Amino acid sequence: MASTSIPTTVAAPKKRARGLTITMRALSNSKIILSYGAFYALFIAVVIGFLYPSISSINMNAYLTSNAVAGLLGAKLTNANSYSALAALELYSSFYVLIWGGIIAYIAGSTLPASIENGTLDLALARPISRTRYYLEVWLGATIGAVILSVTTFLAVWVSTLFVKNAGIDWTWLIIAQTLELAAMFLAGGIGVLFGSFINASRAAGGAAIGILALFYLMNTLGGISDNLSWMLKIEPIYYIQGIQALAVHSITGWYPLVPVIGGLVCGIAGLVIFNRRDLPTT
Amino acid sequence: MTTQEPVIVIDNFHKSYGKVQAVKGITMRVEQGEIFGFLGPNGAGKTTTIRCMLDVIRPTSGTLRVLGLDAQRDKMELHRHIGYLPGDVRLPGQMTGKQVINYFSRLQGLEPVLLDDLVARFDVEMKRPLKSYSKGMRQKIGVVLAFMCDPEVLILDEPTSGLDPLLQRTFNEFLLQEQARGKTIFMSSHIMSDVEKVCQRVAVIRQGEIVTIEEVEKLRQKAGQRVTVEFGDPVSADEVARMPGVSMVTSHNSAYHFNVSGNMDALIKALSHHEVLRLQAEEAPLEEVFLKFYEETKEAASR
């Protein structure tokens, strides 16, 4: 072991830019799960591209217009013979809100508790970093993750159109559908950081956030299946995220996208208040 | 940063977790350039106090000030000037030592000016992922993280935990060097021998209350002498216990062992009434004073 002696006078340390250190770390820790999501988007887009010629010849109208399937998809399509409709069915239905939303909810929900579990939160907050900044950077990390998944999904659809003849994708409506899905992921991120703000175990927090999304999906499905349960649709946010509708039939209800965005903001801000007020545990 | 008041001022600090009172109104001061020991058994309230000083948890009442800054209200300014070593250094396993040091140096917003010295002094492994580190190796990274940006005040929670004896000695030497450079160091421990080598003063906390705040030298005087006497004539243990200044009497192999506080003169005069075959006196270990505080805790709990 070397024996050294620190000089009596040490030059004052130079300032160093903090940048978005916490955000970058949150993204780096989430790279595997984000990669799964991105791969899944690409895989699905390519598969439906390959399958389109066979699927387009099948008359699926009776199937798609049944209440049960409409409940699962989150929309009642009358025609799935176009490539746009097939892409909407496979990448922008409410089921995919659950999948990609679940990925973002898990990332957002698990990041803060993971920093408690691995001991970095105490060490970080002992530095000139406010809790607000720490929380917002984690939330930003989840939101950037959502943007990465959105861009990847968009690119995946574009890749699939390279080998689908007469794909006929309306790019404006694809952007709208993707924006709706991004809004859904923003909601999921808000739910995630809310759970992460008060649950100390990363898997529990991420899992609870996914559980809430799954509950919304279930309500969306049940509300779509039965007229008696249609009241459920209006009280859960997935009903208002109609990316499938936007891409397949080029329609959107003006204020609907505001619901997930406002929901995400409310959850995220509620989590910020909780995180700022609570005592942080050692484990 | 210069302050008129002591570097650390804790006034009537209370912390409760629901109905459990973890800290019950402690008050203490740590002066500039001091190495101050904060001693107590596990669960006494040491870590709670330290974590309140860092605003990771909030006091129920009372104030904690460091460098003249309020630990809650002025935490951002305060945290520019302190280094912290947690009691249990746990770090993300996938990061390397170098990455974790870079991460926390960025969060500090300062270049790690002492990094090279610290890495050489403590022989810190930088390249491997932290998941392959032993507890001692992680503790060394924790030491580097606390000191690397040359903070004015160090808050160390059981800093030698997990370090081998050689490293403990290196660490103690390092603390004394840092003190010579004007640093103020507040360190907690539950092991008296850890702090007696480096601290000028210690506070002993037990069940959330300060039992004593003393200079280590005065504690040593209180501990007094450990005396061994072998008599040539029959002397009962009761009689030995009644001799002036005697406490903690035990007997072994026809010899009595006991502690003597204060002046030895009265004891020697009392011993002169008997035939003394052997008399041996040495400085009593401080550990015994501390154990006495521990034992009082148990007795208080059992009452």
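Residues numbered from 1 in each chain as written. Chains lettered and ligands numbered in written order. Predicted model: local features only at pLDDT ≥ 70, side-chain atom pairs only at ≥ 80, totals over all residues. Heavy atoms only, no water.

Take the overall build of chain A next. Of regular secondary structure, chain A possesses 13 helices and zero strands. Tracing chain A from N to C terminus, the helices and strands come up as α-α-α-α-α-α-α-α-α-α-α-α-α. Long-range pairs, those at least 24 residues apart, make up 75% of the contacts in chain A with a sequence separation of at least 6. Surface exposure of chain A reaches about 12,100 Å², of which carbon and sulfur atoms provide 68%. (Helix = DSSP H or I, 4+ residues; strand = E, 2+ residues; numbered from the N terminus. Contact = heavy atoms within 4.5 Å. Areas by Shrake-Rupley, 256 points an atom, 1.4 Å probe, with all protein chains shown as cover.)

Bringing the packing of aromatic side chains into the picture now. Per the counting criterion, the structure on display carries 25 aromatic pairs over all chains. Pairwise contacts between aromatic rings join A:Tyr40, A:Phe95, A:Tyr96, A:Trp100 and A:Tyr217 into one cluster. (Phe/Tyr/Trp six-rings, centres within 6.5 Å; stacked < 30°, edge-to-face > 60°.)

Our focus in this paragraph is the layout of surface pockets. Of the pockets and cavities examined, the largest pocket occupies roughly 660 Å³. Residue lining of the largest pocket: 26 residues in total, with A:Asn29, A:Ser30, A:Ser110, A:Ala114 and B:Gln94 positioned closest to the centre. Put simply, the parts of the chain that give the lining of the largest pocket at least two residues each are α1 (21-29), α2 (31-56), α6 (94-117), α8 (131-161) and α10 (202-225) of chain A. Ranked by residue count, the leading element in the lining of the largest pocket is α6(A), at seven residues. (1 Å grid on protein atoms, 1.4 Å probe; cavity = no way out; pocket = protein on both sides within 12 Å on 5 of 7 lines; lining within 4 Å. Points joined across faces, edges and corners; volume = space filled by probe spheres on them.)

Residues and elements named next belong to chain B. Of all eight residues in helix α1 (residues 46-53), seven are buried; the element is thus mostly enclosed. Listed in full, the buried residues belonging to α1 are Lys-46, Thr-48, Thr-49, Ile-50, Arg-51, Cys-52 and Met-53. Phi turns positive, to about 65°, at Asp-55, one or two residues after α1. (Buried < 20%, exposed > 50% of the residue type's maximum accessible area, 1.4 Å probe, protein only.)

Every contact between the two is made by 46 residues of chain B and, on the other side, 44 residues of chain A. Taken together, both faces of the contact between chain B and chain A bury some 4,200 Å²; the carbon and sulfur share is 55%. If you sort the residues of chain B by the area they bury against chain A, B:Arg90, B:Arg106 and B:Leu107 come out on top, with a joint share of 16%. Counting every contact that joins chain B to chain A gives two salt bridges. Of the charged contacts in the structure, one is a salt bridge between A:Asp122 and B:Arg51, with a shortest N-O distance of 2.8 Å. Applying the counting criterion to the chain B and chain A interface returns 23 residue pairs in polar contact (both at pLDDT 80 or more). It is helix α3 (residues 97-108) of chain B that contributes the most residues to the side of chain B that touches chain A, seven residues altogether. For the side of chain B that touches chain A, the class distribution of residues is 24 nonpolar, eight polar and 14 charged. (Buried area = accessible area lost by both parts, 1.4 Å probe. Salt bridge = Lys/Arg side-chain N within 4 Å of Asp/Glu carboxyl O. Polar contact = N/O pair within 3.5 Å; in protein donor to acceptor, adjacent residues only side chain to side chain. Nonpolar A, V, L, I, M, F, W, Y, C, P; charged D, E, K, R; others polar.)

A few words on the sheet that holds strand β3 (residues 35-39) of chain B. Residue and element names in this part refer to chain B. The six strands lie next to each other as β6-β7-β8-β3-β9-β10, forming an open sheet whose pairing is mixed. The open sheet has two edge strands with one neighbour each: β6 (82-85) and β10 (209-215). Averaged over all adjacent pairs, the angle separating strand axes in this sheet is 15°, with direction ignored. Bridge count for strand β7 (residues 153-157) against strand β8 (residues 184-189) is five bridges, and the pairing is parallel. Considered in β8, the bridge of Ile-155 is made with Phe-186. Against the sheet, helix α5 (residues 135-147) contacts β6 and β7, and its axis sits at roughly 170° relative to β6. (Pairing = 2+ DSSP bridges. Axes fitted to C-alpha atoms, helices over the stretch in contact; angles between N-to-C directions.)

Moving on: the side chain of A:Thr221. Within the element layout of this structure, A:Thr221 appears in helix α10. Discounting chain neighbours no more than four positions away, the residues touching A:Thr221 are A:Gly71 and A:Leu72.

To continue, consider the sheet that holds strand β11 (residues 225-231) of chain B. All names here are of chain B. Read across the sheet, four strands follow the order β12-β13-β11-β14 without closing on themselves; strand pairing throughout is antiparallel. Only two strands of the sheet have a single neighbouring strand rather than two, namely β12 (246-252) and β14 (276-283). Neighbour-to-neighbour, the strand axes of the sheet open up by a mean angle of 20°, direction not taken into account. One ladder, built from six bridges, connects β11 with strand β13 (residues 255-260); its direction is antiparallel. Across the sheet, Val-229 pairs through a bridge with Tyr-256, a residue of β13.

The next point concerns the domain arrangement of chain B. Under the domain assignment used here, chain B contains domain 1 (8-219) and domain 2 (225-283). Relative to domain 2 of chain B, the C-alpha centre of domain 1 of chain B lies at a distance of 42 Å. (Domains from an automatic or database assignment.)

For B:Val227, the location among the structural elements is in strand β11. Residue B:Val227 is classed as buried on the basis of its relative accessible area, which comes to 0%.

Attention now moves to the confidence of the model for chain B. Summary statistics for chain B give a mean pLDDT of 88 and a share of 95% for residues scoring 70 or more. The ipTM assigned to the predicted complex is 0.87, against a pTM of 0.88. (pLDDT = per-residue confidence, 0-100.)

Residue and element names in this part refer to chain B. With their axes 10 Å apart at the nearest point, α3 and α5 run at an angle of 25° to one another. With respect to their mutual orientation, α3 and α5 come out roughly parallel. Note on packing geometry: the crossing formed by α3 with α5 is right-handed. In this structure, α3 uses Gly-97, Val-100, Ile-101 and Phe-104 to contact α5, whose residues at the interface are Ile-141, Val-144 and Leu-145. Residue classes in the contact of α3 with α5 are distributed as six nonpolar, one polar and no charged. (Parallel < 35°, antiparallel > 145°, perpendicular 65-115°, else oblique. Left-handed = near helix turned anticlockwise from the far one by under 90°.)

What follows covers the packing of α6(A) against α10(A). Residue and element names in this part refer to chain A. As a packed pair, α6 and α10 sit with axes 6 Å apart at the nearest point and diverge in direction by 160°. Judged on the interaxial angle alone, α10 and α6 are roughly antiparallel. Judged by the twist between their axes, the crossing of α6 over α10 is right-handed. Touching Ser-94, Phe-95, Leu-98, Gly-101, Gly-102, Ala-105, Tyr-106, Gly-109, Ser-110, Pro-113, Ala-114 and Glu-117 of α6 are Ser-202, Arg-203, Ala-205, Gly-206, Gly-207, Ala-209, Ile-210, Leu-213, Ala-214, Tyr-217 and Asn-220, all from α10.

The subject of this paragraph is the pairing of strand β1 (residues 8-17) of chain B. Residue and element names in this part refer to chain B. Taken together, the five bridges between β1 and strand β4 (residues 61-66) define a ladder with antiparallel strand orientation. Looking at β4, one finds that Ile-10 is bridged to Leu-64. Examined bridge by bridge, β1 and strand β2 (residues 20-30) share eight bridges and lie antiparallel to one another. Note that in β2 the partner of Lys-15 across the bridge is Val-23. What sits between β1 and β2 in their antiparallel hairpin is a turn of two residues, with Gly-18 showing a positive phi close to 65°.

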